[in-house]
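Spelled out, the chains give:
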2 protein chains.
Amino acid sequence: MRVVVPFGARNPKTRLSGLFSAAERAALSRAMLDDVLETLDAAGHDPFVLSTDPLDIDHPVTVDERPLSEAVNAALDPPMAVVMADLALATPAALERLFAPDADVVLAPGRGGGTNALVTRTPSFEVDYHGASFRDHRDIAEAAGATLATVDSFRLSTDVDEPIDLAEVLLHADPDGRTRTWLAAAGVELAVTEGRISVTRPDA
Amino acid sequence: MRVVVPFGARNPKTRLSGLFSAAERAALSRAMLDDVLETLDAAGHDPFVLSTDPLDIDHPVTVDERPLSEAVNAALDPPMAVVMADLALATPAALERLFAPDADVVLAPGRGGGTNALVTRTPSFEVDYHGASFRDHRDIAEAAGATLATVDSFRLSTDVDEPIDLAEVLLHADPDGRTRTWLAAAGVELAVTEGRISVTRPDA
């Protein structure tokens, strides 16, 4: 299936500013994008990037400066999937579960009320990523009379916005993936303090 | 399968103290325990409670005051599962996936490095919930020569410790379950502010 991977190229991952410079955040978000594209390729799908800016990358790119929901709706041509570019824990097996249900709309909830990945097989569905998008997408599918399935995946529920999300990457992502390799080169390490995990960058 | 559900009855869920009194936190954690036991019953399993204190409840109870890992290891009698009492998003379908893999040890990661549910079919595995337990349990299984499977479930990865976890409950848990019913009676509502979700209790 064709898969659109939205990518915000301008000042990405600001909530990681305590750990990384702007250039480092750009490199990290690019590593995650490359991992997601490669994982989609490995799962047998056909991804393209929907980017706010031109991008030098080995996959098709559509540039659209508009806000996320507008740009995605303009690019939607069902059957099609939308997979976020920062799903650093995604594996081919986890993504297969997104494409498996025979439903008009399939949603993979993100932690915090978001929608980290979806499939639409109907032109009557559109996206709205503002606010608690999982609930909104459920309502939009229902209002459109579309059949709905959800995917119960920890890997797809984990997008990378906060330092704690990097701890999930260190614990669960492919050790040979670009994201883990980049984090290792940046000196990011798992820290366990009083039973809670976080990350540190001792040499930075 | 027999399933041990550890339950800390003393001053539970302290990270929710900003929202609830001690008595309310006790009632909420009891509602979650009852939901988890009922979900395990519905999935065809045989749960008992491993509690720090005597409990008036319609399921078998073993009382053990020792720290969590010690008490669980004393109760383990494989084949057996360990399922945390605060998995308010658990469904029979999600739990079925825990029991499905034909492996000596099956782990369901919790967000934040924990292990929210596991199955052990070998006497050479023991638990260690201190710190990043998912990584430790993986190492313990490996050192024991046990075959290992993991379960990729958003529902099983979500335990309830922080206010943000209650937002997940309001978005994804069974609306007719005891936990959702208790939260509704307590006046807890989903709040969406600047694209992030949280919960409020406007009348408290």
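Definitions and cut-offs
- Residues numbered from 1 in each chain as written.
- Chains lettered and ligands numbered in written order.
- Predicted model: local features only at pLDDT ≥ 70, side-chain atom pairs only at ≥ 80, totals over all residues.
- Heavy atoms only, no water.
- Helix = DSSP H or I, 4+ residues; strand = E, 2+ residues; numbered from the N terminus.
- Rg over C-alpha atoms; globule rule 2.2 N^0.38 Å.
- Contact = heavy atoms within 4.5 Å.
- Areas by Shrake-Rupley, 256 points an atom, 1.4 Å probe, with all protein chains shown as cover.
- Lys, Arg positive; Asp, Glu negative; His and termini not counted.
- Charge placed at Lys NZ, Arg CZ, Asp CG, Glu CD.
- pLDDT = per-residue confidence, 0-100.
- Buried area = accessible area lost by both parts, 1.4 Å probe.
- Salt bridge = Lys/Arg side-chain N within 4 Å of Asp/Glu carboxyl O.
- Polar contact = N/O pair within 3.5 Å; in protein donor to acceptor, adjacent residues only side chain to side chain.

1. Overview of the overall build of chain A
Reasoning step 1: A count of helical and extended segments in chain A gives seven helices and nine strands.
Reasoning step 2: Computed over the C-alpha atoms, the radius of gyration of chain A is 17 Å, within 12% of the 17 Å expected from 2.2 N^0.38 for a compact globule of 204 residues.
Reasoning step 3: Taken along the three principal axes of its C-alpha coordinates, chain A extends 55 × 40 × 30 Å.
Reasoning step 4: Restricting to contacts in chain A with at least 6 residues of sequence separation, those with at least 24 account for 60%.
Reasoning step 5: Total accessible area on chain A stands at roughly 8500 Å², and carbon and sulfur atoms take up 48% of it.
Reasoning step 6: Computing the positive centroid from 17 side-chain charges and the negative centroid from 33, chain A places the two 3 Å apart.

2. A closer look at the confidence of the model for chain A
Reasoning step 1: Residues at a pLDDT of 70 or more form 100% of chain A, whose mean pLDDT is 97.
Reasoning step 2: Here the complex is predicted with pTM 0.97, and the ipTM for its interfaces comes to 0.96.

3. Considering the interface of chain B and chain A
Reasoning step 1: At the interface, 28 residues of chain B touch 28 residues of chain A.
Reasoning step 2: Carbon and sulfur atoms make up 53% of the area that chain B and chain A hide from each other, which totals about 2500 Å².
Reasoning step 3: The tally of links between chain B and chain A comes to six salt bridges.
Reasoning step 4: Here Asp165(B) makes a salt bridge to Arg111(A), at a shortest N to O gap of 3.1 Å.
Reasoning step 5: Put simply, chain B and chain A have 16 residue pairs in polar contact (both at pLDDT 80 or more) between them.

4. Topic: unusual backbone geometry
All names here are of chain A.
Reasoning step 1: A cis amide bond, omega 0 degrees, links Pro 78 with the succeeding residue Pro 79.
Reasoning step 2: Within the secondary structure, Pro 79 is located in the loop between α2 (68–75) and β4 (80–83).
Reasoning step 3: The phi dihedral of Lys 13 falls on the positive side, at around 55 degrees, and the residue is not glycine.
Reasoning step 4: Note on placement: Lys 13 falls in the loop between β1 (2–7) and α1 (22–42).

5. Details of the environment of Leu37(B)
Residues and elements named next belong to chain B.
Reasoning step 1: Inspection of the secondary structure assignment puts Leu 37 in helix α1 (residues 22–42).
Reasoning step 2: Sequence separation of Leu 37 and Met 1 is 36 residues, and the distance between their C-alpha atoms is 13 Å.
Reasoning step 3: The residues touching Leu 37, leaving out its near neighbours within four places in the chain, are Val 5, Pro 47, Val 49, Ile 57 and His 59.

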